[in-house]
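The chain contents come next:
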Amino acid sequence: MQSTILGINIVYFWTYFFVAGAIFIFMFMMGAVMSWSERKQSAQLQDRIGANRAAIPLPFGKKLALWGFINNLADAIKCLIKEDFRPQAYDKLMYNLAIFFAFIPAVLAVAVVPFAGVVKPAEFFQAWYLKWIPWLPEYFAANLPDFSFRVQVANLNVGLLFIFAIGGLNVFGSILAGWSSNNKFSMMGGLRAASQMISYEISMGMSLLGIIFIYQHIDLWGLVQAQSDLAWGWLPKWGIFLQPLAFFLFIAAAVAENKRMPFDLPEAESEIISGYFLEYSGFKMLLFMFAEFIEIVFVAIMLTTLFFGGFSVPWLMADGFHFPWGSYVPLSHASVVILQIISFQLKVFFFCWLLQQLRWSLPRFRYDQVMDLGWKILLPLSIVNLIITIIIVALGGF
Amino acid sequence: MSYQIQGLPDMEYVDRKKRQFLIQIYYREIARGVWITTKHFFRNLWKWLTFRKGGVVILYPEETRPDMSPNNRGRHVLVQRPNGSSRCVACQMCATICPAQCITIQAEESEDPLIQKRPRVFEIDVSRCIFCGFCVEACPVDAIRMLATTENLVGYNRFNMIYDKEKLLNWHPIVEQDVVHGHEPPAD
């Protein structure tokens, strides 16, 4: 008899707790890594060295700089012990609420994303390199032989809609921050953020409708499963192959949603200093920045999940590789799951890298150019893409 | 082609050449730009992975530019006599010529009968100094010189930047990195 907690088997409880915690920690660590790579990658591509001065002194005159990671630590400490400056006349409730509106949706939306396929613990721990673990293999084999779970926090059947709903909350963060700060620059930043995010959300949704029509799924688990199928026996049915135009439209709209470089009008450094979070200092400012970095990671996760097959590895089935030229490499269940996790992370890393590269390579658009691009180019193109997709799907093309 | 706008008599507006479609939709141009930065990124990353220094910067206090001029005017030093006292005779010429008026000298009588005066206070406010080198040129007894570097010329407040006689006399030309130019070390 298993012990229960809140009416749930305690093993199930701890499993989901572990999965959710791992995904949560992954997002936060990626946020930290992004704030590091923001400095180091930009330095590398501009032929500089980047942050390397903050260091922990070691004996024998050595210094532990960890390639600039200590700089991040120093930044965090600095933000914690800084004066908590507030503007003189401000809307206290909204000013404090805005941080949560900016930060929580960024971390929350990842809940519906699958990080790897189905894991069967009883089978998982039978792999030769995991058998040494003390009592888990015997325990699962003896007590819960049929237990399986997905590496996903919540398998909502409204997946994409949930992401859009939560992502839409982000706009409240920027507009409330801009409005409540009682500062004209902040106000401008908030207004710019609101108009930009609302305009680009439309073309973002339009470009994803094609994906939904093709795969006939709106939950991300189903989308990833549909993308791991093969077309003509060799080509993975990834979104990038079936919806190439939508990929380019989505990446532009997502970067604009993210308020990153070519579209960073809301926080334009040279014009409105830092836009809607101008009046925030110390740890509050850090939370805004951190939310932005986590959003980059989330955009990378979305690109991976919707256009690059999520955790799926080409030609990897549940029992091993089935290559299109007929060869077959059997793999244990644990190897398949680990390969899926690695594949997902590699794709996410690549897109994080690409988004950073875009951010540091491109100059800022003018505001009318941003609006032109959103309404006159991306939106019509995404509608055209949608119409063509609908016609092909109606004719039975996919 | 140019045209005039009604009501604005002497103003001509130039029609820019219409941009091509491929440039107008940005994607190709963005890909070209990102390709250039990507090349730089991976070149520097490869250098870094093979334990070479990526980038073209110089980590200043640890490294100096090989092409840094030996005539560079840096930190001030006071030249010593063999007995360790300053060569300065407190003639006030450097303080007079200093355009930033950052040198303060107070004279006192010297113990040496052959020398009339010596500085009781010799202060240079380095935060005011413009490193013009006039003091070095004005000095009749070669008592003040400038090093080639500005190493450690920093302070946590402005009073740390006022260099007094002890600090300025703390120069031993035997030490190798104190490159002095244009002059031999004092002979007497």
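Residues numbered from 1 in each chain as written. Chains lettered and ligands numbered in written order. Predicted model: local features only at pLDDT ≥ 70, side-chain atom pairs only at ≥ 80, totals over all residues. Heavy atoms only, no water.

Once that is clear, we can look at the overall build of chain A. Helix and strand counts for chain A stand at 14 helices and 11 strands. Over its C-alpha trace chain A gives a radius of gyration of 23 Å, about what one expects of a compact globule, namely 21 Å for 398 residues. If one aligns the C-alpha atoms of chain A with their principal axes, the spans along those axes are about 65 × 65 × 50 Å. Within chain A, buried positions represent 51% of all 398 residues. For chain A, the proportion of contacts with a sequence separation of at least 24, taken over those separated by at least 6, is 77%. Of the accessible surface of chain A, which amounts to about 18,700 Å², a share of 72% is contributed by carbon and sulfur atoms. A distance of 7 Å separates the average location of the 24 positive side-chain charges in chain A from that of its 23 negative side-chain charges. (Helix = DSSP H or I, 4+ residues; strand = E, 2+ residues; numbered from the N terminus. Rg over C-alpha atoms; globule rule 2.2 N^0.38 Å. Buried < 20%, exposed > 50% of the residue type's maximum accessible area, 1.4 Å probe, protein only. Contact = heavy atoms within 4.5 Å. Areas by Shrake-Rupley, 256 points an atom, 1.4 Å probe, with all protein chains shown as cover. Lys, Arg positive; Asp, Glu negative; His and termini not counted. Charge placed at Lys NZ, Arg CZ, Asp CG, Glu CD.)

Tallying the contact residues gives 24 residues for chain B and 22 residues for chain A. Counting the surface lost from both chain B and chain A, the interface buries some 1,900 Å², and carbon and sulfur atoms represent 66% of this. For the interface between chain B and chain A, the tally reads 0 salt bridges. Counting the contacts that link chain B with chain A gives 8 residue pairs in polar contact (both at pLDDT 80 or more). Of all the elements, helix H2 (residues 27-49) of chain B adds the most residues to the side of chain B that touches chain A, at 13 residues. For the side of chain B that touches chain A, the class distribution of residues is 13 nonpolar, 8 polar and 3 charged. (Buried area = accessible area lost by both parts, 1.4 Å probe. Salt bridge = Lys/Arg side-chain N within 4 Å of Asp/Glu carboxyl O. Polar contact = N/O pair within 3.5 Å; in protein donor to acceptor, adjacent residues only side chain to side chain. Nonpolar A, V, L, I, M, F, W, Y, C, P; charged D, E, K, R; others polar.)

Once that is clear, we can look at the packing of helix H6 (residues 159-180) of chain A against helix H7 (residues 184-215) of chain A. All names here are of chain A. Relative to each other, H6 and H7 sit at 170°, their axes nearing to 7 Å. By the angle between their directions, the pair H6 and H7 is classed as roughly antiparallel. When H6 is examined against H7, the residues Leu-160, Phe-164, Gly-167, Gly-168, Asn-170, Val-171, Ser-174, Ile-175, Gly-178 and Trp-179 are found in contact with a partner set consisting of Ser-186, Met-187, Gly-190, Ala-193, Ala-194, Met-197, Glu-201, Met-204, Gly-205, Leu-208 and Ile-212. (Axes fitted to C-alpha atoms, helices over the stretch in contact; angles between N-to-C directions. Parallel < 35°, antiparallel > 145°, perpendicular 65-115°, else oblique.)

Residues Phe115(A), Phe250(A), Ile301(A), Leu306(A), Phe307(A) and Val348(A) are the most contacted members of the largest nonpolar core, which totals 94 residues. In contact with Phe115(A), other than residues within four places in its own chain, are Ile23(A), Phe26(A), Val110(A), Val151(A), Ile301(A), Phe311(A), Gln340(A), Ile341(A), Phe344(A) and Gln345(A). By size, the runner-up hydrophobic cluster in this structure holds 21 residues, among which are Ile103(B), Ile105(B), Cys129(B) and Cys135(B). (Core = buried A, V, L, I, M, F, W, Y, C linked by side-chain atoms within 4.5 Å.)

So, about the sheet that holds strand S11 (residues 328-330) of chain A. Residue and element names in this part refer to chain A. One open sheet holds the 3 strands; their spatial order is S9-S10-S11, and the pairing between them is antiparallel. Whereas interior strands pair on both sides, the edge strands pair on one side only; in this sheet they are strand S9 (316-317) and S11. Bridge count between S9 and strand S10 (residues 320-322): 2 bridges; the pairing is antiparallel. Across the sheet, Leu-316 pairs through a bridge with Phe-321, a residue of S10. (Pairing = 2+ DSSP bridges.)

Another aspect to go through is the side chain of Gln345(A). Residue and element names in this part refer to chain A. With respect to the helices and strands, the residue Gln-345 is situated in helix H13 (residues 333-361). Relative accessible area serves as the criterion here: at 18%, Gln-345 is assigned to the buried category. Excluding its chain neighbours within four sequence positions, the residues that come into contact with Gln-345 are Phe-26 and Phe-115.

Two side chains of opposite charge can pair, provided their charged atoms sit close to one another. Residues and elements named next belong to chain A. The final tally for this structure, using the stated rule, is 14 salt bridges over all chains. A salt bridge links Arg-260 to Glu-38, with the shortest nitrogen-to-oxygen separation between them at 2.9 Å. Of this pair, Arg-260 sits in the loop between helix H10 (244-257) and helix H11 (269-272) while Glu-38 sits in helix H1 (residues 10-45), and the two are 222 residues apart along the sequence. What makes Glu-38 buried here is its relative accessible area of 12%. Salt-bridge contacts for Asp-84 lead to Lys-284; the nearest nitrogen and oxygen are separated by 3.6 Å. With Asp-84 in the loop between helix H2 (69-81) and helix H3 (92-108) and Lys-284 in helix H12 (residues 282-307), this residue pair connects regions lying 200 residues apart in the sequence. By relative accessible area, which is 36% here, Asp-84 ends up partly exposed.

Moving on: the sheet that holds strand S5 (residues 117-125) of chain B. All names here are of chain B. Strand order in the open sheet formed by 3 strands is S4-S5-S7, with antiparallel pairing between adjacent strands. Every other strand in the sheet has two partners, leaving strand S4 (103-109) and strand S7 (162-163) as the edge strands with one partner each. Where S4 meets S5, 7 bridges bridge the pair, whose relative direction is antiparallel. Paired with Thr-104 across the bridge in S5 is Glu-123.

The next thing to look at is H2(A). All names here are of chain A. For H2, with 13 residues, the first-to-last C-alpha span of 19 Å sits near the 18 Å given by 1.5 Å per residue. All buried positions along H2 are accounted for by Ile-70, Asn-71, Asn-72 and Cys-79. The inward-facing, buried residues of H2 contact H1, strand S3 (56-57), strand S4 (63-64) and H12. (Expected span 1.5 Å × (residues − 1).)

Here we come to the packing of aromatic side chains. All names here are of chain A. Per the stated rule, a full pass over the model turns up 47 aromatic pairs over all chains. Ring plane angle 10° and centroid distance 5.8 Å describe the contact between Phe-125 and Phe-140, whose orientation is recorded as stacked. One end of the pair, Phe-125, is in the loop between helix H4 (121-124) and helix H5 (136-143); the other, Phe-140, is in helix H5, and 15 residues separate them in sequence. Here Phe-125 falls in the buried class, since its relative accessible area comes to 12%. A cation over an aromatic ring shows up here: Arg-150 above the ring of Trp-221, its NZ or CZ 4.2 Å from the ring centre. (Phe/Tyr/Trp six-rings, centres within 6.5 Å; stacked < 30°, edge-to-face > 60°. Lys NZ or Arg CZ within 6 Å of the ring centre and 35° of its normal.)

Residue and element names in this part refer to chain A. Two elements in contact, H6 and H12, have axes whose closest approach is 13 Å; the angle formed by their N-to-C orientations is 155°. By the criterion of interaxial angle, the relationship of H6 to H12 is roughly antiparallel. In this structure, H6 meets H12 at a crossing whose hand is left-handed. Across the interface between the two elements, Leu-160, Ile-163, Asn-170 and Ala-177 of H6 pack against Phe-288, Glu-295, Phe-298, Met-302 and Leu-306 of H12. (Left-handed = near helix turned anticlockwise from the far one by under 90°.)

Looking now at H6(A). In this model, H6(A) (22 residues) spans 32 Å end to end at C-alpha, consistent with the 32 Å of a helix rising 1.5 Å per residue. Positive backbone phi, approximately 60°, marks Asn182(A), located one or two places after H6(A).

Take the confidence of the model for chain A next. For chain A, per-residue confidence averages 86 on the pLDDT scale, and residues scoring 70 or more make up 98% of the total. By mean pLDDT, strand S1 (residues 4-5) of chain A is the weakest element of chain A at 69, and H13(A) is the strongest at 91. (pLDDT = per-residue confidence, 0-100.)

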